[in-house]
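Observations on the three-dimensional arrangement
Single-letter residue listing:
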Amino acid sequence: MTVQPARAHDGLRFPDLADPRTFIDTDLPALWRELRAASPVHWNPPAEDRPGFWAVSRYEDVLAVYKDNKRFTSEQGNVLSTLLQGGDSAGGKMLAVTDGVRHRETRKLMQKSFSPRVLEHVGQLVRRRTRQLIAEVVARPEADFATDVADHIPINTIGDLMDIPVADRGKLVDWNNRTLSRYDEGDSQLDEWLARNEILLYFGELARRRRESPGDDVVSALATGLVDGEPLSEDEIIFNCYSLVLGADESSRMSSIGALIAFIEHPDQWRALKNGEVSIADATEEVLRWTTPAMHFGRRAVEDVVLRDELIRAGDVVTLWNSAANFDEDAFPDAHRFDLGRKPNRHVAFGHGPHFCIGAFLGRAHVSAVLEALRDQVAGIELRGEPRRLYSNFVYGYQGLPVALTAER
Ligand code: HEM
């Protein structure tokens, strides 16, 4: 059984990039190719329930906007769902949607909890946990790689860094799934808000407990640390905890699940990994480029800017399509070849510039751990059912992947 190809994109009219259905039933490589060639700074027109926005798809332009946080702000949201609603309630409080000095200082405070010593330890734990999960799965005739393996890795890593009780981690994954992506079309916006609310309430309570008795986890660092000589506000602590779980969990899971699908579709690369022809570090970068779980991030223009002859007006929403930029032939020769040995591989899966992913080390550790465990413990991969896609205009990936993994002798 192979993964079903999506419906071909006809090239006559660009589909709506705000509509999650676009990412389910369009031939995305063809869409990105045409956007980059014909309309690299593309105006996605308004719809009844939302304003229009720009979509930038070439690698070079995506880098330029990411770098320019003077003319393009994140403070009014950094993903379509918030930008199109006119703002993000966490703006100026949560790292990803804060700019300027406050962003720099808060980032420094959070980075202290990610020292090389801590991360080395976390890297060992994630490798051990992943080996264990894969061992359990190869012992069974069939499993779901998404729910039985990938779902358990990042939440436990970030859970360790934040010292979140193990019993609470499952419900955080579930709430997380409902916030920026939905399980399916039937899930409502209300469901999304309720889940987001549950996460915020949860961290409010956890932060209160850590203020009273701090440990050496990142929640305690946020709850007791100083920025500009002052403690962070309650909102800042809660929003930043939320953003760590959000950032850590979904994207990493989607890369690992996507890696397995890529191996099913590219047996030559699976063999290259198995035979040790490629390093885990290089393979990790290619999996991140190939899967690009965070399809877009976005900004709002602070002043009029001309980009490739298009006038972006102050106040306009500008989205940066990582999933298009990572397949730009000008930056990645033979971009549509899944090539684990690709070098150089300066993908933008983690963004670029001042908001470059603060968890990139962990994201890489998750993917490397999965690749290493697959290489060492799995002899063969067989698809046993239709992979189930996430319904989202932001996260690309799969929430279900029935497979049979046979054990390496
Ligand atoms: C920022 C992707 C893993 C936490 C970002 C950005 C991208 C990204 C593209 C830039 C956002 C922007 O420019 O607006 C990914 C991918 C991951 C991953 C693909 C895994 C494969 C993680 C992990 C954590 C994390 C493990 C938590 C430890 C964050 C945070 C930011 C961020 C807090 C905001 C940084 C800032 O604004 O300074 N991530 N991420 N991410 N990520 Fe990740």
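Residues numbered from 1 in each chain as written. Predicted model: local features only at pLDDT ≥ 70, side-chain atom pairs only at ≥ 80, totals over all residues. Heavy atoms only, no water.

For the protein chain, the name recorded in an unreviewed UniProt entry is Putative Steroid C26-monooxygenase, with Streptomyces aurantiacus JA 4570 as its organism.

Moving on to the overall build of the protein chain. In terms of helices and strands, the protein chain carries 16 helices and 14 strands. A globule of 409 residues ought to have a C-alpha radius of gyration of about 22 Å, and the protein chain, at 21 Å, matches this closely. For the protein chain, the spread of C-alpha atoms along the principal axes amounts to about 60 × 60 × 40 Å. When each of the 409 residues of the protein chain is scored for burial, the buried share is 57%. A fraction of 69% describes how many contacts in the protein chain between residues 6 or more apart in sequence connect residues 24 or more apart. Accessible surface for the protein chain amounts to roughly 17,600 Å². Of this, 51% is attributable to carbon and sulfur atoms. Considering the protein chain, the positive charge centre built from 49 side chains and the negative charge centre built from 63 side chains are found 4 Å apart. (Helix = DSSP H or I, 4+ residues; strand = E, 2+ residues; numbered from the N terminus. Rg over C-alpha atoms; globule rule 2.2 N^0.38 Å. Buried < 20%, exposed > 50% of the residue type's maximum accessible area, 1.4 Å probe, protein only. Contact = heavy atoms within 4.5 Å. Areas by Shrake-Rupley, 256 points an atom, 1.4 Å probe, with all protein chains shown as cover. Lys, Arg positive; Asp, Glu negative; His and termini not counted. Charge placed at Lys NZ, Arg CZ, Asp CG, Glu CD.)

Here we take up the sheet that holds strand β7 (residues 296-301). Read from one edge of the open sheet, 5 strands run β1-β2-β10-β7-β3, paired in mixed fashion. A strand with exactly one partner marks an edge of an open sheet, and here the two such strands are β1 (41-44) and β3 (72-73). Of the pairings in the sheet, the one linking strand β2 (residues 53-56) to strand β10 (residues 317-321) comprises 3 bridges and is parallel in character. The partner of W54 across the bridge, within β10, is V318. Each of β1, β2, β3, β7 and β10 is contacted by helix α3 (residues 59-67), which is oriented at about 125° to β10, the strand it contacts most. (Pairing = 2+ DSSP bridges. Axes fitted to C-alpha atoms, helices over the stretch in contact; angles between N-to-C directions.)

Donor atoms from the protein around the iron atom of the ligand number only one, C357 (SG), found at 2.3 Å. Here C357 is to be found in the loop between α15 (322-325) and α16 (360-377). (Donors = N, O, S within 2.8 Å, 3.2 Å for Na, K, Ca; no water.)

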